[in-house]
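Here is what each chain is made of, one letter per residue.
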Amino acid sequence: GFFQSYAVEVDIKDASNSTCLYADWMMRFLIKYESNNGDYKTTTLNLSSSVTHNGSVCGNDTQAALVAVQFGEGHSWSINITKNNETYQGNFITLTYNTNDTAVFPDAKRKGPVTVLVRDPLPPVQLNTVFVCHNSFVIEAENAAQIFWNITMQAFVQNGTVSKKESRCPADTPTSAPTVSPTIANVTTASTTTLSPAPTTAPKPVENPDTGNYSLKSGNKTCFLATVGLQLNVSQDKPLLININPKTTVADGACGNTTATLKLNDGNSTLIGF
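Values in this document were obtained by computation on a predicted structure and should not be read as measured data. (Residues numbered from 1 in each chain as written. Predicted model: local features only at pLDDT ≥ 70, side-chain atom pairs only at ≥ 80, totals over all residues. Heavy atoms only, no water.)

### Regarding the overall build of the protein chain
1) Next: When its secondary structure is counted, the protein chain shows zero helices and 20 strands.
2) Next: Counting only residues that meet the buried cut, the protein chain has 42% of its 274 residues in that class.
3) Next: Taking contacts inside the protein chain between residues at least 6 apart in sequence as the whole, the part at least 24 apart equals 54%.
4) Next: Of the roughly 14800 Å² of accessible surface on the protein chain, a fraction of 49% belongs to carbon and sulfur atoms. (Helix = DSSP H or I, 4+ residues; strand = E, 2+ residues; numbered from the N terminus. Buried < 20%, exposed > 50% of the residue type's maximum accessible area, 1.4 Å probe, protein only. Contact = heavy atoms within 4.5 Å. Areas by Shrake-Rupley, 256 points an atom, 1.4 Å probe, with all protein chains shown as cover.)

### A few points about the pattern of salt bridges
1) Next: With the rule as written, the count across this model stands at seven salt bridges.
2) Next: We note a salt bridge from R168 to E166, for which the minimum N-O separation is 3.3 Å.
3) Next: With relative accessibility at 45%, the residue E166 sits in the partly exposed group.
4) Next: Notably, a salt bridge pairs R168 with D172, separated by 3.0 Å at the nearest N-O pair.
5) Next: Here R168 falls in the partly exposed class, since its relative accessible area comes to 30%.
6) Next: The class of D172 is buried, set by a relative accessible area of 2%.
7) Next: Shared partners join several salt bridges into a network, and the residues in it are E166, R168 and D172. (Salt bridge = Lys/Arg side-chain N within 4 Å of Asp/Glu carboxyl O.)

### Some thoughts on the nonpolar core
1) Next: Grouped together as the largest cluster of nonpolar side chains are 46 residues, with contacts concentrated most on W25, W77, I81 and Y88.
2) Next: Tallying contributions element by element places strand β2 (residues 19–34) first for this core, with eight residues. (Core = buried A, V, L, I, M, F, W, Y, C linked by side-chain atoms within 4.5 Å.)

### A closer look at the confidence of the model for the protein chain
1) Next: Put simply, the protein chain has an average pLDDT of 81, and 83% of its residues get 70 or more.
2) Next: When mean pLDDT is taken per element in the protein chain, strand β9 (residues 125–126) scores highest with 93 and strand β16 (residues 231–235) scores lowest with 76.
3) Next: Contacts for the low-pLDDT stretch residues 175–196, under 50 throughout, to residues beyond four places or in other chains number 61 contacts. (pLDDT = per-residue confidence, 0-100.)

### Some remarks on the state of the cysteines
1) Next: One pass over the structure, following the stated rule, counts three disulfides.
2) Next: A sulfur-sulfur separation of 1.8 Å characterises the disulfide bridge that pairs C20 with C58. Residues C20 and C58 are joined by a disulfide whose S-S torsion is about -70 degrees; by sign, that bridge is left-handed. You can see C20 sitting in strand β2 and its partner C58 sitting in the loop between β4 (51–52) and β5 (65–71), a full 38 residues away along the chain. (Disulfide = S-S within 2.5 Å.)

### Some words on the pairing of strand β11 (residues 137–141)
1) Next: Only one face of β11 is covered, namely the face carrying F137, I139 and A141; the face carrying V138 and E140 is uncovered.
2) Next: Direction of pairing for β11 relative to strand β12 (residues 144–155): antiparallel, over a ladder of five bridges. Bridge pairing in β12 links F137 to F148.
3) Next: Between β11 and β12, which pair antiparallel in sequence order, lie two residues; one of them, E142, sits at a positive phi of approximately 50 degrees. (Pairing = 2+ DSSP bridges.)

### Describing the packing of aromatic side chains
1) Next: On inspection of all chains with the given rule, the structure shows seven aromatic pairs.
2) Next: Considering the side-chain rings of W25 and W77, the 5.5 Å spacing of their centres and the 45 degrees angle between planes classify their relative orientation as tilted. Here W77 lies in strand β6 (residues 75–83) and W25 lies in strand β2, a separation of 52 residues in the sequence.
3) Next: Clustering of aromatic rings is evident, with ring pairs tying together W25, W77, F137 and F148. (Phe/Tyr/Trp six-rings, centres within 6.5 Å; stacked < 30°, edge-to-face > 60°.)

### Examining the pairing of β12
1) Next: Burial analysis of β12 places 10 of its 12 residues in the buried class, the great majority of the element.
2) Next: Across 10 bridges, the pairing between β2 and β12 is antiparallel. For L30, the partnering residue across the bridge sits in β12 and is A145.
3) Next: Relative to β12, strand β10 (residues 130–133) runs antiparallel, the two being bridged by three bridges. The partner of C133 across the bridge, within β12, is I151.

Structure representation (structure tokens):
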């Protein structure tokens, strides 16, 4: 189904009231948590309509810049950004979600804030260049999948004006057409795959996918077993078939008393959940 999500815009000013850091992006989170009866469930945490950015700072040559946002019932997200002589780059992303929020975690066994810390995987960006990423990408760590898209961000803005020079994320290469908001059905997410120009000759038929054996263990016992070949049929401007390669796909997940979750990550930002 479709989930409501709001864009975040943060415009940080320096002492002279000039923009020193600008960011505009969309994000949502898939979080796995333990319920009161011992099962593991996956819930979706979206941004609310009211987001604050208390604690955000410009940064300088010796101090990291910080984008910090707070939303909902005690949830927050932040990224610190450092620079050297030529580039700036995100260092750590911190997500704190509050399982006391019964609208999102109605039956969580563990109550209170949970913090997830992960390194920013994106490459450095040249100074006086704005980072742009329309297509969605996923960062996974500690039972949380963080999904980002429609990003425009520049740290250490010079002369108070956001640059018109862009640095594109790998997901936007070679095309840069914006994507619509990702959809989530249960715990399934899939990255948007960019389309190459139409070939001048007939495309080579896609072969059947290789069969993979994926399993999860609970202690020493196998609790989830799947033997399956997977092919994605992406409907955009034209159909696009993608085979999931078992040799490069990693299985993760968890088994509960009455539910089990299997997540397959093919290493190319495609995440499939069962």
